[in-house]
Amino acid sequence: QVQLVESGGGSVQAGGSLRLSCVASGTIFRFNTMSWYRQAPGKQRELVALFGSGGTTNYADSVKGRFTISRDSAKNTLYLQMNSLKPEDTAVYYCHLWLLNGITSWGNGTLVTVSS
């Protein structure tokens, strides 16, 4: 079982930036997707950004142009650079991994709070 640990959350004013990190235990050789999700209070968890095995990326419309997902395979780390943050970006952000063997894993989340 792969364990994921997120970090980098915090409180920031609108317009600010944060970079989230997700470190995976063990070496990940083959995966389908590595993703960032978020869940705001009272709302369902939603996909924010996805990193495919071929290096393709996809973003929710609400974050396009502001967030960037990237991966450092040598460090087993997934990143989410978040710029021009808005109050509606306030949520707990979760890292998700989907391996080729079908195993999926979630991190425990990191809280991002954006004040106006």
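Each value, and the rule that gives it
Think of each chain on its own: its residues are numbered from 1, step by step along the sequence as written. Where totals are concerned, whole chains, interfaces and linings use all residues; where local detail is concerned, this predicted model gives features only for residues with pLDDT of at least 70, and gives and counts side-chain atom pairs only at 80 or more. In computing side-chain properties, one takes all heavy atoms of the structure into account and sets aside hydrogens as well as water. Any Lys or Arg side-chain nitrogen found within 4 Å of a carboxyl oxygen on Asp or Glu counts as a salt bridge. Think of it in three bands: with a 1.4 Å probe and only protein chains considered, a residue is buried below 20% of the maximum accessible area for its type, exposed above 50%, and partly exposed in between. What counts as a helix is a DSSP run of H or I of at least four residues, what counts as a strand is a run of E of at least two, and both are numbered from the N terminus. DSSP calls a pair of strands paired once it identifies at least 2 bridges connecting them. With axes taken as lines fitted to C-alpha atoms, and helix axes fitted only over the stretch in contact, angles between N-to-C directions fall between 0 and 180 degrees.

Caption draft 1: Molecular detail of the pattern of salt bridges. All chains considered together, the criterion is met by four salt bridges. The salt bridge partner of Lys64 is Asp61, with a shortest N-O separation of 3.1 Å. In this pair, the class of Lys64 matches that of Asp61, namely exposed. The residue Arg66 makes a salt bridge to Asp89 at a minimum N-O spacing of 2.8 Å. Placement of Arg66 in the loop between strand E6 (57-59) and strand E7 (67-72) and of Asp89 in the loop between strand E8 (77-82) and strand E9 (91-99) is noted, with a sequence separation of 23 residues between them.

Caption draft 2: Broad picture of the sheet that holds E8. Pairing is antiparallel in the open sheet, where four strands are placed in the order E1-E3-E8-E7. The open sheet is flanked by strand E1 (4-7) and E7, the only strands paired with a single partner. Neighbour-to-neighbour, the strand axes of the sheet open up by a mean angle of 15°, direction not taken into account. The pairing of E7 with E8 spans six bridges and is classified as antiparallel. By the bridge assignment, Phe67 is partnered in E8 with Met82.

Limitation: the analysis is restricted to geometry and does not speak to function.
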